[in-house]
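Listed below are the residues making up each chain.
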Amino acid sequence: MNEEMLRQYARLVIHIGVNLQKGQPLVIASPVDCAFFARLLVSEAYRAGAKDVILNWRDDHCVREHWLRADDCLFDNVYPWDALQKNTLAREGAAYIGISATDPENLKGVDPERLRRWEVATGRDLKEFNRLQMNNGFPWCVVSIPIASWARKVFPDRTDNEAVEMLWAEIFKSVRITYNGEAIKEGDAVQEWRTHCDRLKSRAKKLNTFNFKSLHYTNALGTDLTVEMPVDHIWMAAEESSAAGVSFVANMPTEEIFSAPLRDSANGVLVASKPLVLNGNIVDGIRLVFEKGRIVEVHADSGEETLLAAVNVDEGSHFLGEIALVPYDSPISSSGILFYNTLFDENAACHFAFGEAYPGCIRGGDKMSVDELIARGINAESTTHVDFMVGTEDLSIVGTTHDGRQVPVFENGKFAF
Ligand code: ZN
Ligand code: ZN
């Protein structure tokens, strides 16, 4: 990692990530260990004309202590001032940057019931914030930088310093700051991103012209699932547009093309192909059985309690809300690294999410009420949204069109067109 690459990264997050506009407030949620990077973001944001930059600091150690030892009544309500800050800034259209960097097992041993109760509390008290985030009321971007506890998990047989350096190298590669290990020229990273976004969007366009009625997933791991798509679904990728009409990139890196399935349509079995970091715990060996869209069986070889708590948050968390395609030969997947961080792992494999769908996956959905979205058949009402990876080297997906044509979408883990 060098200073210039870090600065390029900060510029990318501000100008392509949230695409900060003059006079716009910015909120940065950052681990204290990442303060040096948060400072670069702050400088870059003010240079871009930010109205104000608000920092929400957190720390793995303090968070863990809170979850283990804080008074039990705290897990049923968000502090009113905290909710006020989030909801007000979201309404104002502030930009949000989240730095995702945590020990994947930071909450190991915490009562899953507390985590479930908190999920319900945030769903209720931050309803406005969550709704505005889901339908792009404000621009937001999740990015990562390495911290030692996380890097150690990714590269367990290295020293802390080596592991952190190796994770930096992977992150810079995945966000197109480096190419073949060399720094991309000043300014070229932004151009490189635009090209990357266009590539993803043209593939999404092809999927949209098929307008599939249903998709059938199979692989040797045991996945065998049919899922239907709403008539006016949209496959989206890379860039989204905020309520103010400004395009932004919600995830850096991003490799996925995603949409929302019909809520009550999934039948069959999904077997996860990677462990999932969920609420500070690792859940491995996931197997979910679906009947008429609803999850009727939940299994995990480890972390099952954590998974069950997440599936049982509310009624909507029992149904799929996202369907996403990522070929097995995509750059992050090709690295062969398990990142223990959903931002990277979901961009390395086909995945689904249970819980709330993104309204923008339905034509005109961003402007629809929850009732209208429900009438269109998507999973529009849940507090939660949990991605889990199912893509493998041998994944096959066959699409069926409304006139009954069968079209191979994925063959051997890759796009078939
Ligand atoms: Zn996704
Ligand atoms: Zn998702």
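Residues numbered from 1 in each chain as written. Chains lettered and ligands numbered in written order. Predicted model: local features only at pLDDT ≥ 70, side-chain atom pairs only at ≥ 80, totals over all residues. Heavy atoms only, no water.

*Asks:* Which residues make up the coordination of the zinc ion (ligand 1), and what are the values?
*Replies:* Surrounding the zinc ion (ligand 1) are the protein donor atoms E256 (OE), E322 (OE), E346 (OE) and H351 (NE2), which sit 2.0 to 2.6 Å from the metal. For the zinc ion (ligand 1), the four donor atoms in the first shell make angles of 76 to 145° at the metal, so the coordination geometry reads as irregular. Each donor residue of the zinc ion (ligand 1) lies on one chain, and together they are spaced E-x65-E-x23-E-x4-H. (Donors = N, O, S within 2.8 Å, 3.2 Å for Na, K, Ca; no water. Tetrahedral: all angles 85-135°; square planar, octahedral: opposite > 155°, others 65-115°.)

*Asks:* Kindly report on the pairing of strand β3 (residues 95-99), identifying the contributing residues and their values.
*Replies:* Across the five residues that make up β3, a large majority, five, are buried. Along β3, one buried face is formed by A95, I97 and I99 and the opposite face, lined by Y96 and G98, is buried too. Direction of pairing for strand β1 (residues 26-31) relative to β3: parallel, over a ladder of four bridges. Across the sheet, residue I28 finds its bridge partner in β3, namely I97. Bridge count for β3 against strand β4 (residues 140-143) is four bridges, and the pairing is parallel. Bridge pairing in β4 places I99 opposite V143. (Buried < 20%, exposed > 50% of the residue type's maximum accessible area, 1.4 Å probe, protein only. Helix = DSSP H or I, 4+ residues; strand = E, 2+ residues; numbered from the N terminus. Pairing = 2+ DSSP bridges.)

*Asks:* Give a detailed account of the coordination of the zinc ion (ligand 2), specifying residues and quantitative values.
*Replies:* The coordination sphere of the zinc ion (ligand 2), as far as protein atoms go, consists of E322 (OE), H385 (NE2), D387 (OD) and D387 (OD), spread over 2.1 to 2.4 Å. Of note is the zinc ion (ligand 2), whose four donor atoms meet at the metal with angles of 56 to 142° in an arrangement that counts as irregular. Expressed as a motif, the donor residue spacing for the zinc ion (ligand 2) is E-x62-H-x1-D. A separation of 3.4 Å is found between the zinc ion (ligand 2) and the zinc ion (ligand 1), which share E322 as a coordinating residue. Here D387 falls in the buried class, since its relative accessible area comes to 11%.

*Asks:* Provide a residue-level description of the domain arrangement of the chain, including the pertinent values.
*Replies:* One can read the domain layout of the chain as domain 1 (3-183) and domain 2 (211-236 + 253-415). If you average the C-alpha positions of domain 1 and of domain 2, the two centres end up 24 Å apart. On the domain 2 side, the residues contacting the 31 residues of domain 1 number 31 residues. Around 2700 Å² of area is buried between domain 1 and domain 2 when both sides are counted, 61% of it from carbon and sulfur atoms. Counting the surface domain 1 buries against domain 2, the share from its top three residues, E119, R131 and M134, is 23%. In this assembly, domain 1 and domain 2 are joined by two salt bridges. Here R131 and E356 are joined by a salt bridge, their closest N and O atoms 3.4 Å apart. For the side of domain 1 that touches domain 2, the elements supplying multiple residues, two or more each, are α5 (112-125), α6 (127-134), β4, α7 (148-154) and α8 (160-174). Residues of the side of domain 1 that touches domain 2, tallied by class, amount to 15 nonpolar, eight polar and eight charged. (Domains from an automatic or database assignment. Contact = heavy atoms within 4.5 Å. Buried area = accessible area lost by both parts, 1.4 Å probe. Salt bridge = Lys/Arg side-chain N within 4 Å of Asp/Glu carboxyl O. Nonpolar A, V, L, I, M, F, W, Y, C, P; charged D, E, K, R; others polar.)

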